Amino acid sequence: MIPAPRPRARIRLRPTPGGVAGWLYLAWCAVFVAAPILVVCASALNGGRSMLFPPQDPTLDRFVEFFVTDEVWTRALRLSAIIAVSSAALATALAWPVAYGLWRGASRLSKALGAGLAMPFALPPIVFGVGLGFLWVFAGLIGTVEAAILSHAALHAALPLATISIGLQSVERAHLDAAATLGATERVIFRTIILPQTIPYTASGFFFALVLSFNEFIVTFFVSASAYSTVTLQIFNSLRNGFTPTMAVGAIAFILTSVLAFGLVARFGDLPRLMGADPARR
Amino acid sequence: MSTPPHAPAPAQARAQARAAAQQADRADPGAGAAGADLSAPRGRPGATGAPVDARPGAPSRGLRFVHAQYALALVVAGLCLSPFALVFAISLGEVEAGAAWNWGVSAANYARVFVGLDWPESASFVYMRKLGWSLAYAALGAVIAVAFAFPFAWAMTRRSRRAQTVWLVFLLSSLSLSEVFVVMGWDVLLSNRSGLPMAFRETGLTDWLKAVGWFDVLREIGLATPRNVRFKPSVFATVLTLSYLVFPYAVILLYPALSRLDPAMMEAARTMGARPFTVIRTVALPACRLPIAGAALLLFVYLLGAYVAVTVFADPSRQTLTITIYESVRGATLNAPFGAAQAMVLLVTAVACLGASLALAKRAERRS
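In this text the structure is predicted, and so the values were computed from the model without any measurement.

About the thresholds
- The residue count restarts for each chain, going from 1 along the sequence in the order it is written.
- Key to labels: chains lettered from A, ligands numbered from 1, both in the order written.
- For a predicted model such as this one, the threshold for reporting local features is a pLDDT of at least 70, and the threshold for listing and counting side-chain atom pairs is 80 or more; totals across whole chains, interfaces and linings nevertheless cover every residue.
- Note that the side-chain values use all heavy atoms of the structure and ignore hydrogens as well as water.
- The numbering of helices and of strands both runs from the N terminus, where a helix is a DSSP run of H or I of at least 4 residues and a strand a run of E of at least 2.
- Burial classification: accessible surface area is computed with a 1.4 Å probe over protein chains only, and a residue below 20% of its type maximum counts as buried, one above 50% as exposed, and the rest as partly exposed.
- Whether two residues are in contact is decided by their heavy atoms: any pair within 4.5 Å suffices.
- Each pair of aromatic rings taken from Phe, Tyr and Trp, with Trp reduced to its six-membered ring, is defined by centres within 6.5 Å and is described as stacked if the planes are under 30 degrees apart, edge-to-face if over 60, and tilted in the remaining cases.
- Here, over-ring charges are defined by two tests on the NZ atom of lysine or the CZ atom of arginine: distance to the ring centre within 6 Å, and angle to the ring normal within 35 degrees.
- When two components associate, each loses some accessible surface as probed by a 1.4 Å sphere; the sum of these losses over both components is called the buried area.
- The rule for a salt bridge is simple: a side-chain nitrogen of Lys or Arg has to be within 4 Å of a carboxyl oxygen of Asp or Glu.
- Polar contact criterion, stated in full: a pair of N or O atoms within 3.5 Å, where within protein one must be able to donate a hydrogen and the other to accept it, and residues adjacent in sequence count only if both atoms are side-chain atoms.
- In this classification, the charged set is Asp, Glu, Lys and Arg, the nonpolar set is Ala, Val, Leu, Ile, Met, Phe, Trp, Tyr, Cys and Pro, and all remaining amino acids, among them Gly, are polar.
- UniProt positions are given in the numbering used here, feature names are shortened, and annotations may be inferred rather than shown by experiment.

Comments concerning the overall build of chain A
- Helices and strands together make up the secondary structure of chain A, namely 13 helices and zero strands.
- Counted from the first residue to the last, chain A has its helices and strands arranged as α-α-α-α-α-α-α-α-α-α-α-α-α.
- Each of the 282 residues in chain A was classed as buried or not, and the buried ones make up 58%.
- Counted over contacts in chain A with a minimum sequence separation of 6, partners at least 24 positions apart contribute 72%.

A word on the packing of aromatic side chains
- Counting across every chain of the model gives 35 aromatic pairs over all chains.
- What links up through ring pairs into an aromatic cluster is the set Y25, W28 and F32 of chain A together with F148, F152, W167, F170, W186, Y244 and F247 of chain B.
- The cationic tip of R267 of chain A hangs over the ring face of F268 of chain A; the distance from NZ or CZ to the ring centre is 5.1 Å.
- Above the plane of the ring of W23 of chain A lies R159 of chain B, whose end atom (NZ or CZ) is 4.4 Å from the centre.

Re the interface of chain A and chain B
- Chain A puts 131 residues into the contact, and the matching count from chain B is 123 residues.
- Carbon and sulfur atoms make up 72% of the surface buried where chain A meets chain B, a total of about 11,200 Å² over both sides.
- The interface formed by chain A and chain B includes zero salt bridges.
- Taken together, chain A and chain B are joined by nine residue pairs in polar contact (both at pLDDT 80 or more).
- In terms of residues, the side of chain A that touches chain B owes the most to one element, helix α1 (residues 20–43) of chain A, which gives 15 residues.
- Here the side of chain A that touches chain B is built from residues that sort into 88 nonpolar, 26 polar and 17 charged.

Some thoughts on the environment of T324 of chain B
- Locating T324 of chain B in the fold gives a position in helix α16 (residues 321–329).
- Linking T324 of chain B and F338 of chain B, residues 14 residues apart in sequence, is a C-alpha distance of 9.7 Å.

Regarding the environment of W186 of chain B
- Residue placement: W186 of chain B occurs in helix α7 (residues 179–190).
- Once the C-alpha coordinates of W186 of chain B and L196 of chain B are considered, the two residues, ten residues apart in sequence, prove to be 9.8 Å apart.
- Aside from chain neighbours lying at most four places away, what touches W186 of chain B is F32 and P36 of chain A together with L240, T241, Y244 and F313 of chain B.

Focus on the UniProt feature "transmembrane region" (unreviewed entry) in chain A
Residue and element names in this part refer to chain A.
- Using the residue numbers shown here, the UniProt feature "transmembrane region" (unreviewed entry) corresponds to residues 20–45, 79–103, 115–142, 217–236 and 248–269.
- Annotated as 92% helix and 0% strand, the span residues 20–45 places its first and last C-alpha atoms 36 Å apart.
- The distance from the first to the last C-alpha atom of residues 115–142 is 26 Å, and the span holds 82% helix and 0% strand.

Structure (structure tokens):
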């Protein structure tokens, strides 16, 4: 006789282990992920020059130093911001026509463009950094801000390429058909249907590129010169003398930027969808 | 279970309504464009499912778009591909006195990476050993991260869409955090003066470890000095930081596969009386075998290029190829062609692994 399945008290709609164990594990991982970040943030309060945890005679002087008074850090922060914003804009501008070409009809040229644009992001950045270093030496641009912007744009264009492609796939086909039968030209369709519907995805891609560029280290390391440095570079350069609480302020500023940027993406875009969740399921 | 309406939906709907309204405004049944549509060349039927037929591309515009694409190809080639080509070309060159180097076509730099400078008299595997450490750190870091990320991604995808969004913001913020800051955090946590070793001493954990005899084991594997535990430099600290670096990546790579798992399968398993853990082990894990392998490979490739964590946490005798690449290209030894050759070796390793992960992804797609 076939044994009857054990009767369950109740069958939930989602009969999956979402219970206590799942929550505990999520919380445990969250602590693990947050621990070093919190430690850095707390170290920023140190009164002295060394990174102690827990902080000694807590003060907020380091924040003033980082954002206002210390020339080294304010310049580095300004440069980081300039590079991040311009390279993200450039990356998005590069990615749009490539994504559009891929969506419009995957010709061999479009596919090659997509693969070429995605390649720097997929391979170890140190190799790309070494190559860019050589490239900018030949172009006579090594150590300039322009070189850093172009390098970051090339490195991160894969991100807007991905988000914009997802956005284009979500454009309602019925709208395109309707527009076409009503006689709209490709330009009009683009402006009135495709562009408005993909704006959240474009913005998401921009923010992804912005945050990653802000935090980029290794490629900047290879294309920079001693004349300037970004925040991440400055922190690495100070590594030999040990970390100081002022750098920890930098870490706080960077984390807040990321949370803000991704929070915006989550608020105005569909983050689960962007990350590959099933669009049909809510 | 009631999922709150997702935030962007109203915005999307608004945009769509606006587009539809504008479209209606523009409706002009008498325009010739509709007729032109019929004679317009049909693009290739989109392999990506692109609605080619819906577009009334007049030939001149299509042609212009192709021209623009050629211009774009130049930019992409110059910015994205030429650096790799340059690395390859320079790796064949020869170094001169000082930092200067000449173009060339010699494999001497590669020979030096693989068997040392004095080949064939004697072979030295200094750089091969460094490559070995690169591979070992990357493999350990990737596997550990994926092992911890799978249950995390599983538990996360069981939440509501809104809770998932919050977790994603958290993960993305930690993921994008610069390697520099991550290393800084762990450096504070693991440093001898504060952080964990201090906590070990203050809480009496060190004394307890000494009492039960585990302290000697820690000393043997280099994680303790005679007085207290010591975590850096060590392989442990390096691997810990590397897996920390890619843990959020691992979750995000596994997220699509897990969130698309058919709930019916799990429901079936549960109604048949399988315990939650059994469901994970016998349903979710096998279904995600290929994504898991693919994610591990991708993270492995990413970790091959890790630099900061290795400089700070690894013992000099156990450092990786990335360190010597930097030394050769911009650091103390200044031998650009040799650095380029090392970079090429790393690149080829990475490309091979990426190829493998792409093949896995294709297989997964075909199967589903």
